[in-house]
Amino acid sequence: MNIGIFSLSCCEGCSVEFLNMEEEILDILNHFGIENFRLVKEVNKLPVDVAFVEGVPANENEVAKLLEIRRNSEILVALGSCSATGGVLAPGAKPVGHYVDVDHCLYGCPFSRDELKEFLTSIIIDKAFGKKEYSVCMECSLLENGCLLEEGYLCMGPITVAGCNALCPSNGKPCLGCRGSYEDANLKSHAKILLDKGFSKDEIIDAFSLFSHRDLREVIEWLKRR
Ligand code: SF4
Ligand code: SF4
Ligand code: SF4
């Protein structure tokens, strides 16, 4: 099998993350050839079996490039939160899934290395790979972390989709919500909890606006009316 890593408009941090982990996943990459990766290869080819796409299309040329990638790949993976949800580029940017069918999303800014390994392994052993439909709090709980929200920090873990092993709280920092929200996340309820804890509307709106979340506009409007 072969893979390609493609960049649309973004900081290219996910490509760099991919590059940085080459040694870590060398054994996994033995199963894949890299056909297309502008940062490391001079000659880049299509088609590929698995296309990882970071960033979002910012103009017609990039939309055309994305469509070409889609036509020439078996599996298309949105790599990182920009691509998967609009990420830090929200609310103006539309995620890759707005333009083409996306088979899988690897959330996070940048994506989680462990999750990428899990995904590549799932392809090798032909196992299903799906989105985790629970919160970062669940991972905190499994790791027996103390809760930073209880300690007075504005943490977005309760609405944020798991998969990073609660990276930030495990290192003493509140979750910023970089992976976006999971399917049943109740954003309004979390905003209400934050208000009750004494955070200002502006602080809460800033926290919700940092990364793209489902129902984001609705929650911000609701907060403004209160
Ligand atoms: S998800 Fe984050 S690291 Fe990846 S390209 Fe977007 S801004 Fe950069
Ligand atoms: S620290 Fe944040 S992510 Fe962890 S349990 Fe508390 S609210 Fe949830
Ligand atoms: S804890 Fe939150 S901000 Fe940190 S990596 Fe995970 S989802 Fe992103």
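Residues numbered from 1 in each chain as written. Chains lettered and ligands numbered in written order. Predicted model: local features only at pLDDT ≥ 70, side-chain atom pairs only at ≥ 80, totals over all residues. Heavy atoms only, no water.

Some points on the site of ligand 3
Line of reasoning, step 1. Around ligand 3, a shell composed of T160, C164, L167, C168, P169, C175, L176, G177, C178 and R179 is seen.
Line of reasoning, step 2. Using a 2 Å cut-off from the grid points, one finds that ligand 3 occupies the largest pocket.
Line of reasoning, step 3. When its residues are assigned to classes, the shell around ligand 3 shows seven nonpolar, two polar and one charged. (Near = heavy atom within 4 Å. 1 Å grid on protein atoms, 1.4 Å probe; cavity = no way out; pocket = protein on both sides within 12 Å on 5 of 7 lines; lining within 4 Å. Sits in = over half its atoms within 2 Å of the grid points. Nonpolar A, V, L, I, M, F, W, Y, C, P; charged D, E, K, R; others polar.)

Quick word on helix α10 (residues 216-225)
Line of reasoning, step 1. Among the residues making up α10, those that are buried are L216, V219, I220, W222 and L223. Buried residues of α10 fall within an arc of 160° about the axis and therefore sit on the same side. Residues of α10 that are exposed and point more than 90 degrees away from the buried face comprise R217, K224 and R225.
Line of reasoning, step 2. Buried residues in α10 make contact with α8 (187-196) and α9 (201-209). (Buried < 20%, exposed > 50% of the residue type's maximum accessible area, 1.4 Å probe, protein only. Helix = DSSP H or I, 4+ residues; strand = E, 2+ residues; numbered from the N terminus. Arc of directions from axis to C-beta. Contact = heavy atoms within 4.5 Å.)

Some details on the environment of F129
Line of reasoning, step 1. In this structure, F129 sits in the loop between α5 (113-124) and α6 (136-142).
Line of reasoning, step 2. Considering only alpha carbons, one finds F129 and K201, 72 residues apart in sequence, at a separation of 38 Å.
Line of reasoning, step 3. When neighbours within four sequence positions are excluded, F129 is seen to be in contact with H104, C105, L106, E115, E118, F119 and S122.

Describing the site of ligand 1
Line of reasoning, step 1. Ligand 1 sits among C10, C11, G13, C14, E54, G80, S81, C82, V88, G108, C109 and P110.
Line of reasoning, step 2. Of all the secondary-structure elements, those providing two or more residues to the shell around ligand 1 are α1 (13-20) and α4 (81-85).

Describing the packing of aromatic side chains
Line of reasoning, step 1. Applying the stated criterion across every chain yields a total of five aromatic pairs.
Line of reasoning, step 2. Plain terms: the ring middles of F119 and F129 are 5.2 Å apart, the flat faces sit at 75° to each other, and that makes the pair edge-to-face. Highlighted residues: F119 in helix α5 and F129 in the loop between α5 and α6, separated in sequence by 10 residues.
Line of reasoning, step 3. Here the aromatic cluster, defined as three or more aromatic residues joined through ring pairs, consists of F18, F37, F52, F111, F119 and F129. (Phe/Tyr/Trp six-rings, centres within 6.5 Å; stacked < 30°, edge-to-face > 60°.)

Some thoughts on the environment of V102
Line of reasoning, step 1. Mapped onto the elements, V102 comes out in the loop between α4 and β5 (104-106).
Line of reasoning, step 2. A sequence separation of 36 residues divides V102 from L66, and the C-alpha atoms of the two residues are 11 Å apart.
Line of reasoning, step 3. Residues contacting V102, with those up to four places away along its chain left out, are R70, L76, A78, V96 and G97.

Observations regarding the nonpolar core
Line of reasoning, step 1. Within the largest apolar cluster, 28 residues are counted, with the highest numbers of intra-cluster contacts made by M156, A191, L194, I204, F208 and L223.
Line of reasoning, step 2. Within the residue set of this core, elements represented by two or more residues are α6, α8, α9 and α10.
Line of reasoning, step 3. Tallying contributions element by element places α10 first for this core, with five residues.
Line of reasoning, step 4. When we break this core down by domain, the ones giving at least three residues each are domain 1 (2-124) and domain 2 (136-225).
Line of reasoning, step 5. Not counting residues within four places of it along the chain, the set of residues in contact with L194 comprises L149, L154, M156, F199, I204 and F208.
Line of reasoning, step 6. Residues I28, L29, V50 and L79 belong to the second largest nonpolar core, which totals 21 residues. (Core = buried A, V, L, I, M, F, W, Y, C linked by side-chain atoms within 4.5 Å. Domains from an automatic or database assignment.)

Structural notes on the packing of α9 against α10
The angle between the axes and the distance between the axes are what describe a pair of packed helices.
Line of reasoning, step 1. Close contact between α9 and α10 brings their axes to 10 Å; oriented N to C, the two are set at 175°. One finds that α9 runs roughly antiparallel with respect to α10. Contact residues: α9 offers K201, I204, I205, F208 and S209, while α10 offers L216, V219, I220, L223, K224 and R225.
Line of reasoning, step 2. Partitioning the contact of α9 with α10 into residue classes produces seven nonpolar, one polar and three charged. (Axes fitted to C-alpha atoms, helices over the stretch in contact; angles between N-to-C directions. Parallel < 35°, antiparallel > 145°, perpendicular 65-115°, else oblique.)

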